[in-house]
Every structure is written in C-alpha cells, then in structure tokens.
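Overview (structure and organization)
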Protein chains: 2
Amino acid sequence: MAMYVVGHKIPDSDSICGAIALAYLKNQIGEPAKASRLGEPSPETQFILDRFGFEAPELKMSYAGEEVYIVDHSELTQAPDDIAQATIVGIVDHHKLGDLTTSTPLECWIRPVGCSNTVIKMMYDFHGVEIPKDIAGIMLCAILSDTVIFKSPTCTTADIRCVEDLAKIAGIEDYEALGMEMFKVKSAVDGTPVRDLVLRDFKDFNMNDNLVGIGQLEVVDLSVFDKIKADLEADIAKLKEEGQRHTVMLLLTDIMKEGSELLVVSDDVNIVERAYGKDTDAGRIWLDGVLSRKKQVVPPLQEAFA
Amino acid sequence: MAMYVVGHKIPDSDSICGAIALAYLKNQIGEPAKASRLGEPSPETQFILDRFGFEAPELKMSYAGEEVYIVDHSELTQAPDDIAQATIVGIVDHHKLGDLTTSTPLECWIRPVGCSNTVIKMMYDFHGVEIPKDIAGIMLCAILSDTVIFKSPTCTTADIRCVEDLAKIAGIEDYEALGMEMFKVKSAVDGTPVRDLVLRDFKDFNMNDNLVGIGQLEVVDLSVFDKIKADLEADIAKLKEEGQRHTVMLLLTDIMKEGSELLVVSDDVNIVERAYGKDTDAGRIWLDGVLSRKKQVVPPLQEAFA
Ligand SMILES: [Mn+2]
Ligand SMILES: [Mn+2]
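These numbers were taken from a predicted model, which means no experiment stands behind them.

Our next topic: the coordination of the manganese ion (ligand 2). Where a metal carries four tetrahedral donors, each ideal angle is 109.5 degrees; where it carries six octahedral donors, the ideal angles are 90 or 180 degrees. Residues and elements named next belong to chain B. Of the protein atoms, only D14 (OD), D72 (OD), H94 (NE2) and D146 (OD) coordinate the manganese ion (ligand 2), at distances of 2.1 to 2.3 Å. Along the chain, the residues that donate to the manganese ion (ligand 2) are spaced as D-x57-D-x21-H-x51-D. Taken together, the residues span a long stretch of sequence, with D14 in helix 1 (residues 13–28) and H94 in the loop between strand 5 (87–93) and strand 6 (107–110) at a distance of 80 residues. Classification of H94 by relative accessible area gives buried; the value is 3%.

Below you can see the structure in the form of structure tokens.
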C-alpha cells in the first residue's frame, strides 16, 4: 500500500511542492508514496508547476484507512477531516507543534526554519538521494515563497544555503529574478473572486478553544487592493459568521515595503489590539516590518488569547 | 540562558542518558544546555552512570520561564507539571506523537526506532560532532536497555547499527555481556519497597479521556516476583485509587522467555481483555512474545478505549 503525502488544507506552494518532493524521495528509498492535495493550487503554485513541468498532485479529501505523511503543519484543523481514521506515518514541518496525535510511533522532521522544503532537502541528504533537476526547481520556489525571497524573519541561514544548493542542481542562475516573477504572479488580483482571494492562503487556528481564521495575501504593491479592500472586509465578516469563528483576519503584505495591513473582524477586537499593541482604525492596523503570519502574527495573538 | 534537556517523569535510562548526551551535543554546537531529570535514577541507570563515570543530572521539577528540550516522550502527563509556562525548543523521541503543543516553532527529531539515543546519534552525525568515549558508553547502554538487547520488537536495524558504532567509539568489545550485566542489576528486587518497584518504570497515558497507568519491570527470570506478586497487586490497586485512574497495569517481563505477565486492576477489565484477546485469570494475563509496552501493550489498549 502506498502512503499518501499531503500538505494542509488550502494548500500553498510549500504544501504542494513538498508533497511532490517528499513522495519522490520516499519512492527512491523503497517506501511507495503518492503525492496528493487538499485543495486547488494557487496561481503562484500553478506557475511553479508549469515552469518545471509538473502536473498538480491528485485531489483527495478522504484518507480513512490510509497511511499518510503530513507536510507543512501538525494541526487537526489543517489536516484531512478524517485524519483520525488514517495512520500518520510522518510529519515534516516548520511551524509550532499542533494538536495532531498518533497511536503508533512515527517520524517527525520538524525544524524552526523558513520552509518545509528546506527540511525535505535535509531528508534527501540524510538518505543520500540525488534530487532531480525539476524537483530541485519546485523546492527552491517553495522556499523563496515561504521566506518572501529571504526577507521574512522566518528565513534562516539553512534556508539560504538550501536555495543556493538547489539553484545549482536545477541550473537556475538568477533565483531572485525567478522569485520576483513568482511574486508578480501572486500579486495579480484582477478578475479573481473576492472569496478566492480571502481563501488563497487561509488557515484556521484553535486559540484557547476559539476558532481564529487568518488569511494572507503577499503582493509587490498594496495598491492592487485599493479598489477591493471594502469587498475583502465584507467577505471576511461573512466568513467569520459562516464558520462560527471568533475572529477572522486578513494580512495584506507588501513584500517591497516590508510590512502588512491587517484587516480584522472579531467578537473581541481588544484581544487583537492587545496582541499587536496597536489600536484598530475602522478594523485596520498597519504593522510595520510584519511579513510572517507564523512568526509575527500567530504567536502574539495566541498569547493574547491564553 | 541555557536550555534544560530533560526526559520524562520516573526517568528511565533513555531519559537520563539521552539528556546528558544531548546537552553535551548542544553545548558543542554553541547552544548552552544543561541536563536535568524529573526523578531518581533507577538502579539500572545508576549502574550505567557509575560504569562510565557520570554524576546524575540535576533534579529539577519546575521549568516555568525556561527553555526546555524534551527527551523520550511528547506527552503532557510525562512532562514537567509547569511545562505550559516553559518554552519547548525541541523534542527527541521514538514514541507515538502525544499531546504536547507549542506556541512557537521548534525542532522535533522523532523516529520510529527503538530508543531516543539512536535518534540522538543521528543528531551528532548531522552536526558532525564527535561523540566522547564515555557518552558513547551511556548511549549504548540506553539503547540496549530500551531494545532489551535487540530482542524487543521495537528494535530496528538503525538501533543495531548505532550500538555497533557506539561500541567502537566507547571501546566496548562485548556489548551483549554488558547488556546482560545491566539487566541483572535491573532484576534485583530484594529489599526494594513494593511501591518503588511499581513506579520504577511507570507511565500515565490519556486514553480517550481515561487515565491509564502502565508500569513495567524487566527481569532475567520472573521467579524473582514469586514472593511479592500479591504485594505488587495490592499496590497497583492502591495506586489506581490514589490517582483516580481508570486502569493500572504492571507488566512483568521475562527477557529470556520473551514474554510478559500482565497484572491488571481496572474499572472495566473487559476493555483490557478485549485489547489483548485474552481473559484475565485472577487479574493476571500471560502475553507470550510481549516485551514492549510501547509497541505491544499501549496501541491495542488505546484502540480498545477508542
Ligand atoms: Mn511552509
Ligand atoms: Mn526510550
């Protein structure tokens, strides 16, 4: 029986590229594996897949009775709905340790680095398996995406060294140019339904038994949102009600200015204001220097909820 | 600030030797660390420490405000009581994934192998740090203990290869003889208070919101228990009441016959009988081939509770 290798719900590039890269590695070391996904690839991810000649992994929502290798999270809310009926054989991740548990021993490759694909590169090195050119390409793009081309405070020297190694393997001379091309694709919002934008990179968190949804859109210039910001705000308010969430926030991140505008709807906006030490202005807060949901947005909010 | 490296409550040799070995490694790579422990070393562990010239790590029960690297488990019930007020910076383990969570990214080195010290050896190799002779000795003993000199079904080829490497480093020619010597120390029960025996290697598990305590005593010949078995049974019944546990079990493991007698007190003995497919006889069950609590005792019981 082949194991499935799958990232989180509303998959980002790290989840999709990581599933492909890890499934290939597992097959090479004699453990049959198949990449899968829990949702549609984003335009950014599709750009990466097209660029290096990959099909998107199989869309598969149910995993009861299967063996599953989890990529890029360890949270029940981000895992397949029926994960309790599956056997988790491994986790590769770079986030805080979530509430997934198992009833049998497993492998966990979790490191405080900028991207799961950096950890997957360590797995290739550990097993002495050569990374094919095209897989090196998608891994490199995933790392540039998660680290915002090394600008994110989550970026570590391990991520930078990993990208340099992968660029050599993939034969990419100017990976920064490739990264900017990718972020320009990511910045295109025209013609995309507002709900699709809100959900493009959206994660639910359990904060002291409150459901908190946090989305993020990273663009090269925040002015792309000028005409649709009111619609985005109306939509996150709807999303909050639909999911009976305590709070929904949308981070609009300007990767060139290196900061984020936070749009907030909450049952208790004081918690959010306390978390970031700033008052909201009509449901908005500008957070200078904030690029990382994981490192700069989630932990203070979790503290404020505790 | 130095991080503390600490194993589980009622520490076994893996927890104590692992804390010493990992703290040394962390210091070598420029991360100040200090080994500590959550309880007294067992006679087996004391034998290992004496043999290779180590003091027991500092006894420390409270970790609020500290950075902590967790060894040999990922369970709240086995961690320091105030672990929620500490920052978990890493976990090295070889068990099922438990219910510890964090609010910040961390490193997890978890592998489905026979012993945490086998994983710690991988960490030394990853960082390219040489293992000192005496540390190789205590790591080797911890692996022989956890794998019952390679007889346990939890033992993997990685554990065997690791012991062979460590034996070379430590200059130990006959590691099996060393293992038998260690298990003979472990088998001495004369003069030890019954409660001390029950708690010598005792772990609490949360099984579907029921507290289940499981102790294990590994000896080279079960006849050492003939005179005290009734006292052991009376004591686990007391322990069950004192801790408001649903079930307490004590595994008496014969490492030469390769099987275990299970002593059971439970609010619902049917769950236990269902788990192992055998009826109790006056609160006792003989389980042929069962050496491993982790692999052969906990998972079926957890299933039966689910
Ligand atoms: Mn990621
Ligand atoms: Mn262990």
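From this point, the discussion proceeds with the structure in view.
Here the focus is the nonpolar core. In terms of nonpolar packing, the biggest core is built from 54 residues, with V5(B), L22(B), Y69(B), V92(B), Y124(B) and L140(B) touching the most fellow members. Sort the elements by how many residues they give to this core and helix 4 (residues 133–146) of chain B lands first, with nine residues. The contacts of L140(B), once residues within four sequence positions are left out, are V163(B), L166(B), A167(B), I172(B), Y175(B) and L178(B). Residues I16(A), Y175(A), L178(A) and I255(A) belong to the second largest nonpolar core, which totals 51 residues.

Now for the coordination of the manganese ion (ligand 1). Residue and element names in this part refer to chain A. At the metal site, the manganese ion (ligand 1) is ligated by D14 (OD), D72 (OD), H94 (NE2) and D146 (OD), and these contacts range over 2.1 to 2.3 Å. All donor residues of the manganese ion (ligand 1) come from one chain, and their arrangement in sequence is D-x57-D-x21-H-x51-D. Note that H94 is positioned in the loop between strand 5 (87–93) and strand 6 (107–110) and D146 in helix 4 (residues 133–146), a separation of 52 residues in sequence. D146 shares its class with H94; the two are buried.

For the rest of this paragraph, the subject is the sheet that holds strand 8 (residues 210–219) of chain B. Residue and element names in this part refer to chain B. If you trace the five strands from one edge of the open sheet to the other, you get 7-8-9-10-11, paired in mixed fashion. With partners counted over all chains shown, the strands left at the sheet margins are strand 7 (202–207) and strand 11 (284–288), one partner each. The average angle at which neighbouring strand axes cross in this sheet is 25°, direction not considered. Pairing of strand 9 (residues 247–254) with strand 10 (residues 259–266) involves eight bridges; the strand directions are antiparallel. Of the residues in strand 10, the one forming a bridge with L252 is E261. In the packing of helix 8 (residues 229–242) onto the sheet, contacts are made with strand 7, strand 9, strand 10 and strand 11, and the angle to strand 10 comes to roughly 45°.

The transformation that overlays chain A on chain B combines an axial shift of 0.0 Å with a rotation of 180°, and the residual RMSD is 0.0 Å. These values place the two chain copies in the arrangement generated by a two-fold rotation axis. A share of 100% of interface residues in chain A that are also interface residues in chain B marks the association as one of identical surfaces.

Another point: the pairing of strand 5 of chain A. Residues and elements named next belong to chain A. Most of strand 5 sits inside the fold, with five of its seven residues counted as buried. With five bridges joining them, strand 4 (residues 67–71) and strand 5 adopt parallel strand pairing. Considered in strand 5, the bridge of Y69 is made with G90. Judged from the four bridges that link them, strand 5 and strand 6 form a sheet pairing that is parallel. From the neighbouring strand, G90 faces strand 6, where its bridge partner is E107.

Take the packing of helix 2 (residues 43–52) of chain A against helix 6 (residues 175–187) of chain A next. All names here are of chain A. Where helix 2 meets helix 6, the closest approach of the two axes is 8 Å, and the angle between their N-to-C directions is 135°. In terms of orientation, helix 2 and helix 6 fall into the oblique class. Pair helix 2 / helix 6 crosses with right-handed handedness. In contact with P43, E44, F47, I48, R51 and F52 of helix 2, helix 6 contributes L178, E181, M182, V185 and K186.

Residues and elements named next belong to chain A. When cut into domains, chain A gives domain 1 (3–184) and domain 2 (194–305). Measuring from the centre of the C-alpha atoms in domain 1 to the corresponding centre in domain 2 gives 24 Å. Opposite the 19 residues of domain 1 that make contact, domain 2 presents 20 residues. The contact between domain 1 and domain 2 buries some 1,900 Å² in all, and 62% of this surface belongs to carbon and sulfur atoms. Viewed at the interface, domain 2 and domain 1 are joined by zero salt bridges. For the interface between domain 1 and domain 2, the tally reads four residue pairs in polar contact (both at pLDDT 80 or more). Among the elements that make up the side of domain 1 that touches domain 2, the one with the highest residue count is helix 6 (three residues). Looking at the side of domain 1 that touches domain 2, its residues break down into seven nonpolar, nine polar and three charged.

Quick notes on the rules
Residues numbered from 1 in each chain as written. Chains lettered and ligands numbered in written order. Predicted model: local features only at pLDDT ≥ 70, side-chain atom pairs only at ≥ 80, totals over all residues. Heavy atoms only, no water. Donors = N, O, S within 2.8 Å, 3.2 Å for Na, K, Ca; no water. Helix = DSSP H or I, 4+ residues; strand = E, 2+ residues; numbered from the N terminus. Buried < 20%, exposed > 50% of the residue type's maximum accessible area, 1.4 Å probe, protein only. Core = buried A, V, L, I, M, F, W, Y, C linked by side-chain atoms within 4.5 Å. Contact = heavy atoms within 4.5 Å. Pairing = 2+ DSSP bridges. Axes fitted to C-alpha atoms, helices over the stretch in contact; angles between N-to-C directions. Least-squares fit on C-alpha atoms with pLDDT ≥ 70 in both. Parallel < 35°, antiparallel > 145°, perpendicular 65-115°, else oblique. Left-handed = near helix turned anticlockwise from the far one by under 90°. Domains from an automatic or database assignment. Buried area = accessible area lost by both parts, 1.4 Å probe. Salt bridge = Lys/Arg side-chain N within 4 Å of Asp/Glu carboxyl O. Polar contact = N/O pair within 3.5 Å; in protein donor to acceptor, adjacent residues only side chain to side chain. Nonpolar A, V, L, I, M, F, W, Y, C, P; charged D, E, K, R; others polar.

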